[in-house]
There are 2 protein chains.
Amino acid sequence: MKADKISEAVVRRLPVYLRYLNELHKREVTTVSSQELGQKLDLNPAQIRKDLAYFGDFGRKGIGYDVMYLIDKIRHILKIDQQINVALVGAGNLGQALSNYNAYLKDNMKIVAVFDSSPAKIGRQINTLTVQPMEELRDTVRKLHIRIGIITVPDFEAQHVADEMIGSGIEAILNFAPTIIKAPAHIRIHATDFTTDLLSLAYYLENGKDDNEDDDQ
Amino acid sequence: MKADKISEAVVRRLPVYLRYLNELHKREVTTVSSQELGQKLDLNPAQIRKDLAYFGDFGRKGIGYDVMYLIDKIRHILKIDQQINVALVGAGNLGQALSNYNAYLKDNMKIVAVFDSSPAKIGRQINTLTVQPMEELRDTVRKLHIRIGIITVPDFEAQHVADEMIGSGIEAILNFAPTIIKAPAHIRIHATDFTTDLLSLAYYLENGKDDNEDDDQ
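Residues numbered from 1 in each chain as written. Chains lettered and ligands numbered in written order. Predicted model: local features only at pLDDT ≥ 70, side-chain atom pairs only at ≥ 80, totals over all residues. Heavy atoms only, no water.

It is not clear to me how the relation of the copies chain A and chain B should be interpreted in this structure. Could you clarify?
What relates the pair of chain copies is a rotation about an axis plus a shift along that axis. Once chain A has been moved 0.0 Å along the axis and rotated by 180°, it coincides with chain B to within an RMSD of 0.0 Å. Interpreted geometrically, this transformation is the action of a two-fold axis. Comparing contact sets, 100% of the residues at the interface of chain A also lie at the interface in chain B, consistent with an isologous, same-surface contact. (Least-squares fit on C-alpha atoms with pLDDT ≥ 70 in both. Contact = heavy atoms within 4.5 Å.)

Dropping the structure here:
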């Protein structure tokens, strides 16, 4: 498997497959066809077969994919067959909302620490976590083997927080602040800017009719 | 301009260009090269030139792009040269956080109404908006010409809320609930699932070194 040949678009679809497969598994469904996946996920079945073929040819004609095998395979590819710990910085509304999503993060990925620089927020309880001061970031990242950071601070603080995270040994960052973060090449940064999503949605307001979500490739 | 030929990946990059161009304009910078855009936005300059060429050849060799012209062009393509009103349903932490982003939505796109079904939330103030009961959705959508909806309710309520939105005449939906929404083909649905972003980030934890954000195409 040439992992670095997998396009970002495919990598971004894998968690979507995984979520639905987990649902099927819970319902004790053992096999699924690309047609069914396609209908449920609003993707072309041929696209799905192509995506999954990246990881070896484990679908069987007329039978479909083994749900549990596919779950294991995707979890392995996404590296969530191991526990991955996440730190969140910025305990405002968005940070609290995301921390509450922990319930959905069944796949060995958990927000294990929340930080803020505001004395008003430090010490507050969000579910099972207590908001810690920024000064504790480095120690906590090391102690809990935190590898991913989530940034939910205002834009003018985001770069500073990212620098702190990277200095603490965090390897990848999900940035919700509406600013572009600069980082060394070996640090992976994904931006999740809601305004970008919203603005790009406007594009489809009148042109959308003949566009059937053909995705990126 | 064949609008429906523009790939989703390009459409999603346009707001990113726009944000930086607005920043340049504020600083009274009048021209910008694809090299500079590329450096700032962490994209290949050739990719940027290709993206912008979709909309006509308005860059000039050795001079670069006229910032204001590019802003106007992108705003026109994204259809935000007109006012676009947005309704948000789900006034929890996430809904409140997003409503507070209104300050960043300078580009003629505004959340103009917030709804919730919980009596505890109805009547609450979020900035200048008062949380309205779901029963008022249809009337408000019509009265305020709301075209886009944002869903920030729990997953089990999301499909119902989407149905209500579509029934009210909303044309496009940004869904933050971790569930897949079914809608007629002419309704554009973008999913912004934070868990998907987070899980796909894990993929890059060890493989990321030789991957320089080559994006989707």
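Teacher, can you tell me more about the UniProt feature "DNA-binding region" (unreviewed entry) in chain A here?
UniProt marks residues 16–55 of chain A with the feature "DNA-binding region" (unreviewed entry), using the numbering shown here. Within the segment residues 16–55 of chain A, helix and strand shares are 70% and 5% respectively, and the terminal C-alpha atoms sit 16 Å apart. (UniProt positions renumbered as here; feature names shortened; annotations may be inferred. Helix = DSSP H or I, 4+ residues; strand = E, 2+ residues; numbered from the N terminus.)

Teacher, can you tell me more about the packing of helix 1 (residues 8–26) of chain A against helix 3 (residues 45–53) of chain A here?
The relative placement of two packed helices comes down to the angle between their axes together with the axis-to-axis distance. Residues and elements named next belong to chain A. Contact geometry of helix 1 with helix 3 gives a least axis separation of 11 Å together with a crossing angle of 105°. Our classification of the angle between helix 1 and helix 3 gives roughly perpendicular. Contacts from V10, R13 and Y17 of helix 1 reach helix 3 at Q47, I48, D51 and L52. When grouped by side-chain class, the residues that make up the contact of helix 1 with helix 3 number 4 nonpolar, 1 polar and 2 charged. (Axes fitted to C-alpha atoms, helices over the stretch in contact; angles between N-to-C directions. Parallel < 35°, antiparallel > 145°, perpendicular 65-115°, else oblique. Nonpolar A, V, L, I, M, F, W, Y, C, P; charged D, E, K, R; others polar.)

Looking at this structure, I do not really get the nonpolar core. What am I missing?
The tendency in soluble globular proteins is for nonpolar side chains to be buried side by side. The biggest cluster of nonpolar side chains holds 103 residues, and the ones touching the most others in it are A:L21, A:I148, A:I150, B:L21, B:I148 and B:I150. Counting residues per element, this core draws most heavily on helix 1 of chain A, which supplies 9 residues. Non-local contacts of B:I150, meaning those with residues more than four positions away in its chain, are made with A:F194, A:L198, B:V86, B:A87, B:L88, B:V89, B:L98, B:I111, B:M165, B:L174 and B:F176. (Core = buried A, V, L, I, M, F, W, Y, C linked by side-chain atoms within 4.5 Å. Buried < 20%, exposed > 50% of the residue type's maximum accessible area, 1.4 Å probe, protein only.)

Explain the pattern of salt bridges to me, please; I cannot follow it from the model alone.
Opposite charge on two side chains permits pairing when their charged atoms draw close. For the structure shown, the criterion picks out 4 salt bridges over all chains. The residue A:E171 makes a salt bridge to A:R147 at a minimum N-O spacing of 2.8 Å. Pair noted here: A:E171 is in the loop between helix 7 (155–167) and strand 9 (172–175) and A:R147 is in strand 8 (residues 146–151), with a separation of 24 residues, a long-range link. Ionic pairing is found between B:D51 and B:R13, a salt bridge with its closest N-O pair at 2.7 Å. One end of the pair, B:D51, is in helix 3 (residues 45–53); the other, B:R13, is in helix 1 (residues 8–26), and 38 residues separate them in sequence. With a relative accessible area of 0%, B:D51 lands in the buried category. For B:R13, a relative accessible area of 5% gives the class buried. (Salt bridge = Lys/Arg side-chain N within 4 Å of Asp/Glu carboxyl O.)

Would you mind showing me how to read the confidence of the model for chain A here?
When pLDDT drops low, the exact placement of atoms in the prediction is not to be read closely. Residues and elements named next belong to chain A. When the pLDDT values of chain A are averaged, the result is 84; 88% of them are 70 or greater. Element-level pLDDT for chain A is lowest in strand 2 (residues 59–60), with a mean of 70, against a maximum mean of 97 in helix 6 (residues 137–143). Below pLDDT 50 for its whole length, residues 207–217 participates in 26 contacts with residues either more than four positions away or in separate chains. Per the prediction output, this complex has pTM 0.74; the corresponding ipTM is 0.77. (pLDDT = per-residue confidence, 0-100.)

How do you make sense of the interface of chain A and chain B when you look at a structure like this?
Often the size quoted for an interface is simply the accessible area lost on bringing the parts together. With 72 residues of chain A at the contact, the number on the chain B side is 72 residues. Buried area between chain A and chain B, both sides added, is near 7400 Å², and the carbon and sulfur share of it is 61%. Counting the surface chain A buries against chain B, the share from its top three residues, A:F194, A:Y203 and A:L205, is 10%. Applying the counting criterion to the chain A and chain B interface returns 0 salt bridges. At the surface where chain A touches chain B, the tally comes to 5 residue pairs in polar contact (both at pLDDT 80 or more). For the side of chain A that touches chain B, the element with the most residues is helix 8 (residues 194–207) of chain A, which contributes 14 residues. Looking at side-chain class alone, the side of chain A that touches chain B contains 38 nonpolar, 13 polar and 21 charged residues. (Buried area = accessible area lost by both parts, 1.4 Å probe. Polar contact = N/O pair within 3.5 Å; in protein donor to acceptor, adjacent residues only side chain to side chain.)

How should the sheet that holds strand 4 (residues 109–116) of chain B be read in this particular structure?
To summarise the sheet geometry, strands pair through backbone hydrogen bonds and adopt either a parallel or an antiparallel arrangement. Residue and element names in this part refer to chain B. Taken together, 7 strands build an open sheet; the order of strands is 5-6-4-3-7-8-9 and the sheet is mixed. At either margin of the open sheet sits one strand with a lone partner, and together these are strand 5 (125–126) and strand 9 (188–191). Of the pairings in the sheet, the one linking strand 3 (residues 84–89) to strand 7 (residues 146–151) comprises 5 bridges and is parallel in character. Each bridged residue has a counterpart across the sheet, and for V89 the counterpart in strand 7 is I151. Packing against the sheet, helix 7 (residues 155–168) makes contact with strand 3, strand 7 and strand 8 (172–175), and its axis sits at approximately 175° to strand 7. (Pairing = 2+ DSSP bridges.)

Would you mind going over the pairing of strand 7 of chain B with me for this structure?
Each regular strand displays side chains that alternate between the two surfaces of the sheet. Residue and element names in this part refer to chain B. Counting buried positions along strand 7 yields 6 of 6 residues, so the element is predominantly enclosed. One ladder, built from 4 bridges, connects strand 7 with strand 8; its direction is parallel. Residue I151 lies in a different strand from strand 8, and its bridge partner there is N175. What joins strand 7 to strand 8 is helix 7, and the crossover it makes is right-handed. (Right-handed = clockwise from strand over helix to strand, strands pointing away.)

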